[in-house]
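# Reading the structure
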Amino acid sequence: MVLKMSLTGMRKCRKSEKSSNKKKGSGMKNLAFLPFALLFLALGLIVQPAAAQPQQEDFKPEDMTTFIIQVPHGVEENGIAVGGSTLSAYLFFESYYDGNMNVTMEFGLPEGFVLHEPSVHTFSLQTEYDDWYRLVEFYIPPDTPCGTYTITSKAVIEVEGTKHTIVRTTQLKVALKEEVADEVSVSQIIIPSDEDGYGDPSHPSNTLVVQETSPALKKLLKVTDLKTEKEDLISTFMGIELTNTGNSTIPVMVTYDILDTKTGEPVKAFKPDIMGMNADTVCYATVTLSPGSNSLISLPLYISQDALGGDYLLRVKVKLTGSDWIAVTKDQKITAISRRWGPIVTTFTASLLGLTALGFFFSRPGKIMDRFKTRNLVLIALFGTVSFTVINLPMTILWELSHAIFGPFSFLFTGLFNEILLYMLIASLVVLIPKPGVISLFMMVRFLLGGFITGSFTPITFITLSVNAIMLELMLYAGGITGKNPAPDNRFRMGILCGFADMVGGYVSFSVWMVLYRLFYSDWYITANILIDGFLYTFIGTWFGISLGNRLKKVAE
């Protein structure tokens, strides 16, 4: 028993020794790893701030910002100025950094230049794409020596406690006035023009349209104490082409004056006050002329209702930006035209004649038609149908085609149909039926066929055909071609009479188009149409028409 107990005690002692040895071993192992843990902790403390620094090390100011300087404003480089100018430098700064950025910008001028504002500006940009800009005004004294000067702007950027510096420079050339005047020129003035400065073909060149009240209407308004409603201002545009033959970028301001040709003083009616402001604050344009370039600009031109028609002098002035010195002037004579009362009166009279003739016909249609035999009416209808077939229908296609090919001289081609063929039929019809009213019925057939088949029931067609018929009836009756003792075989007399009648009809047609559709025709174009189409072609058509009529008459007999 003693031996067993001793053995058991010895086992327990061995177990306790083993467990104590294990504890000692684990403690020794923990102590062995302790230096490594301390090493990793130290490395972590060292690496953590080092890992936070790439943001600053990766910040490159040239990539993360945009910094622009323009002197004068709008000129990237190689600007030009003259002594005595007050210019504005444009400073622009934009951030692409997603965080706070403090910027201190310093603007430096060459010696002798006078800065009108503080040279240092401090600002903060909070977010990405946040920007700052400023126009800095400075003065160049008149006695500044000519030459090229360097203007510097420095930006100090602070990001996360670290400062970065960006420097921008630009060149400004101070030149003599004579040098600038030799490089800039006004090569062309286009008036009137559209909003982009290109010519307006609907109006004659070098003209302005004014709302001038007729003298008769002025007297009537004065007597009756009435007023007319007119727009206070009429606006149009003028195009101005500028040329820069130099090697510098030149910023200029363009304005104009309209002068009285006798006194040389500006006419206020052509530059009126607009909404309480002087027109000079509105009627100008600024443009930057690149080296060796041409630039087309447009200027608004406002005309008050007090403007009168007549001849004026348009003076375009080009100033160098920042200076009141006028570098270039160009004069051009212009004409202010008022409403043409001749076409208006002509259209009104022609319309009245057409309506009167129509009323006269419908008031006594039986008496008029009874003067003609049935075969005469059939013959008139036949000639009207032939004229519509060989003239109206082909001209619906050839009219546009001739305009595309011949342009303004298309009347030389269309007159072969509208005048020669037409008057061949009219003259031959008069030879066959030399009675008053035959031409009116012929024109009526043409009008009705054109209206029902081609849809040409237009006021212009009605007025022109009515006037043409009335003038031919009166001329031929007064000349003895139709009536009680008709003489339709006189080629020369009938040709002259038809020619004059068609000249009147042609002028009426132009007047109606100008009034109802507000078109413009040059005087030479109207004259050429009236003389060639109206008289010459008509005379030729009448001459051959009499021969055709005599042959048809022999066939009928």
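Here the structure is shown first, and the text comes after it.
Residues numbered from 1 in each chain as written. Predicted model: local features only at pLDDT ≥ 70, side-chain atom pairs only at ≥ 80, totals over all residues. Heavy atoms only, no water.

### Section: the pairing of strand E4 (residues 101-108)
Here E4 shows a clear split, with Met101, Val103, Met105 and Phe107 buried on one side and none of Asn102, Thr104, Glu106 and Gly108 buried on the other. Summarising the sheet, E4 and strand E6 (residues 120-125) pair through six bridges and their orientation is antiparallel. Considered in E6, the bridge of Met101 is made with Leu125. Examined bridge by bridge, E4 and strand E8 (residues 147-159) share seven bridges and lie antiparallel to one another. (Buried < 20%, exposed > 50% of the residue type's maximum accessible area, 1.4 Å probe, protein only. Helix = DSSP H or I, 4+ residues; strand = E, 2+ residues; numbered from the N terminus. Pairing = 2+ DSSP bridges.)

### Focus on the pattern of salt bridges
Applying the stated criterion across every chain yields a total of four salt bridges. A salt bridge links Glu62 to Arg168, with the nearest nitrogen and oxygen atoms 3.1 Å apart. Placement of the pair is Glu62 in helix H3 (residues 61-64) and Arg168 in strand E9 (residues 162-174), with a sequence separation of 106 residues. Residue class for Glu62 comes out partly exposed when judged on its relative accessible area of 46%. For Lys173, the salt bridge is made with Glu179, and the minimal N-O distance between the two is 2.7 Å. For Glu179, a relative accessible area of 28% corresponds to the partly exposed category. (Salt bridge = Lys/Arg side-chain N within 4 Å of Asp/Glu carboxyl O.)

### Concerning the sheet that holds strand E1 (residues 65-70)
In space, the four strands of this open sheet follow the order E1-E3-E7-E5, with antiparallel pairing throughout. Strands with a single pairing partner mark the edges of an open sheet, and in this sheet they are E1 and strand E5 (114-115). Judged from the six bridges that link them, E1 and strand E3 (residues 85-95) form a sheet pairing that is antiparallel. Bridged to Phe67 within E3 is Phe93.

### A few points about the environment of Tyr423
Topologically, Tyr423 is positioned in helix H9 (residues 411-432). Accessibility expressed as a relative area gives 0% for Tyr423, which makes it buried. Sequence separation between Tyr423 and Gly499 is 76 residues, and the spatial gap between their C-alpha atoms is 9.7 Å. Apart from residues lying up to four places away in sequence, Tyr423 is in contact with Asn468, Leu472, Cys498, Asp502, Thr538, Gly541, Thr542 and Gly545. Here Asn468 takes part through its side chain, which lies 3.5 Å from a polar atom of the side chain of Tyr423. (Contact = heavy atoms within 4.5 Å. Polar contact = N/O pair within 3.5 Å; in protein donor to acceptor, adjacent residues only side chain to side chain.)

### Quick look at the packing of aromatic side chains
For the structure on display, the rule yields 26 aromatic pairs. Aromatic side chains Phe409 and Trp524 sit 5.9 Å apart centroid to centroid with 40 degrees between the ring planes, which places their arrangement in the tilted category. Note that Phe409 is positioned in the loop between helix H8 (374-406) and H9 and Trp524 in helix H13 (residues 523-556), a separation of 115 residues in sequence. Both rings, one in Phe510 and one in Tyr525, keep their centres 6.0 Å apart while their planes meet at 80 degrees; by these two values the pair is edge-to-face. Linking Phe510 in helix H12 (residues 491-516) with Tyr525 in helix H13, this pair joins segments that are 15 residues apart in sequence. Given a relative accessible area of 15%, Tyr525 falls into the buried group. Here the aromatic residues Phe409, Phe411, Phe510, Tyr521, Trp524 and Tyr525 are joined through ring pairs into a cluster of three or more. (Phe/Tyr/Trp six-rings, centres within 6.5 Å; stacked < 30°, edge-to-face > 60°.)

### Let's talk about the packing of H8 against helix H10 (residues 438-454)
Think of two packed helices as two axes; the pair is described by the angle between the axes and how far apart they sit. At a minimum axis distance of 8 Å, the contact between H8 and H10 shows a crossing angle of 50 degrees. Considering their axes alone, H8 and H10 lie oblique with respect to each other. At the point where H8 passes H10, the crossing takes the right-handed sense. Packed against H8, whose contacting residues are Leu377, Ile380, Ala381, Phe383, Gly384, Thr385, Ser387, Phe388, Ile391, Asn392 and Leu393, the element H10 presents Val438, Leu441, Phe442, Val445, Arg446, Leu449, Gly450, Ile453 and Thr454 at the interface. Here the residues of the contact of H8 with H10 sort into 13 nonpolar, six polar and one charged. (Axes fitted to C-alpha atoms, helices over the stretch in contact; angles between N-to-C directions. Parallel < 35°, antiparallel > 145°, perpendicular 65-115°, else oblique. Left-handed = near helix turned anticlockwise from the far one by under 90°. Nonpolar A, V, L, I, M, F, W, Y, C, P; charged D, E, K, R; others polar.)

### Some thoughts on the environment of Ala307
Secondary-structure assignment places Ala307 in the loop between strand E15 (293-304) and strand E16 (310-320). On a C-alpha basis, the gap between Ala307 and Ile337 in space is 9.9 Å, while along the polypeptide they are 30 residues apart.

### Some points on the packing of helix H6 (residues 341-363) against helix H11 (residues 459-478)
As a packed pair, H6 and H11 sit with axes 9 Å apart at the nearest point and diverge in direction by 75 degrees. Relative to H11, H6 is oriented roughly perpendicular. For the pair H6 and H11, contact is made by Ala350, Ser351, Leu353, Gly354, Leu355, Ala357 and Leu358 and by Phe462, Ile463, Ser466, Val467 and Ile470, respectively. Of the residues belonging to the contact of H6 with H11, the class tally is nine nonpolar, three polar and no charged.

Note that every value here comes from positions in space, so none of it alone points to a role or purpose.
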